[in-house]
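Coordinate inspection notes
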Amino acid sequence: MTTLTSSEWAAWVQAIGSIIAIFAAIGISAWQNYIDTRRRSMEQRGYSKRLMSVTHKIAYDIYLTLHNIEQLRSNPLKNETRQMRDFNRSKLGRLEQALHAIPLHNLGTITAVEQVMIIFSQIEAANNLLAPEPADMKHHIDHVPCSEIYGRAWRPIVEACRVASYTLRGEVLNYT
């Protein structure tokens, strides 16, 4: 074996140290990248869960509004006044706008997106049923039962929104 001088040993130690430093820098960079990716993923999941919670609240309020309309419509003892009808239409419109403002691509699951799309279709069906009243009813609207004004089945619309709302709630609870 050849004997190395102290300057040669220093060169070898420096070379090995440089290689170790390069691998350490690569490892530290990879570890930081992993930690950042994990943190961003957790932040996105938290954002998606909060967004699904808000979506569920809006969907539930839509269900309650449609249920209220149905109750007024189906009970001949309750007359829907112009104020009640206008309030329900206005509330449904505001809730629809709020639901449209939700970025669907950020909802955490495809099931949540599907439920929102179901609610949109049910709101469209409800809006068709809530068409303006005929001209001959304008003067007597406060004394005409809601069942005579709408005269169509609300139960499928209300039930679809109820199921969608509860499915969204399940998505919120199961989302991790």
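Only a predicted model underlies this, so the values are computations on that prediction, with no experimental measurement involved. Residue indices follow the written sequence of each chain, beginning from 1 at its first position. With pLDDT at 70 or above as the cut-off, local features in this predicted model cover only qualifying residues; side-chain atom pairs require 80 or more to be listed or tallied, and sums for whole chains, interfaces and linings still use all residues. Remark: hydrogens and water are excluded; side-chain values derive from all non-hydrogen atoms of the structure.

1. Observations concerning the environment of Asp61
The topology assignment puts Asp61 in helix α1 (residues 6–74). Given the relative accessible area of 17%, Asp61 is considered buried. Residues Asp61 and Arg162, 101 residues apart in the sequence, show an inter-C-alpha distance of 9.8 Å. Runs of E in the DSSP output that reach at least two residues are strands. Runs of H or I that reach at least four are helices, and both are numbered from the N terminus. For every residue, the accessible area obtained with a 1.4 Å probe (protein chains only) is divided by the maximum for its type, and the residue is called buried under 20%, exposed over 50%, and partly exposed between those limits.

2. What to know about the pattern of salt bridges
By definition, a salt bridge exists where a carboxyl oxygen of Asp or Glu is found within 4 Å of a side-chain nitrogen of Lys or Arg. Inspection of the entire model under this criterion finds five salt bridges. A salt bridge links Arg155 to Glu70; its shortest N-O distance comes to 2.8 Å. Taken together, the residues span a long stretch of sequence, with Arg155 in helix α5 (residues 155–174) and Glu70 in helix α1 at a distance of 85 residues. Judged by its relative accessible area of 39%, Arg155 is partly exposed. Across the pair Glu159 and Arg162 runs a salt bridge, and its minimum N-O distance is 2.3 Å. Of the two residues, Glu159 and Arg162 are both situated in helix α5; the distance of three residues between them amounts to about one turn of the helix. Connected via shared salt-bridge partners are Glu70, Arg155, Glu159 and Arg162.

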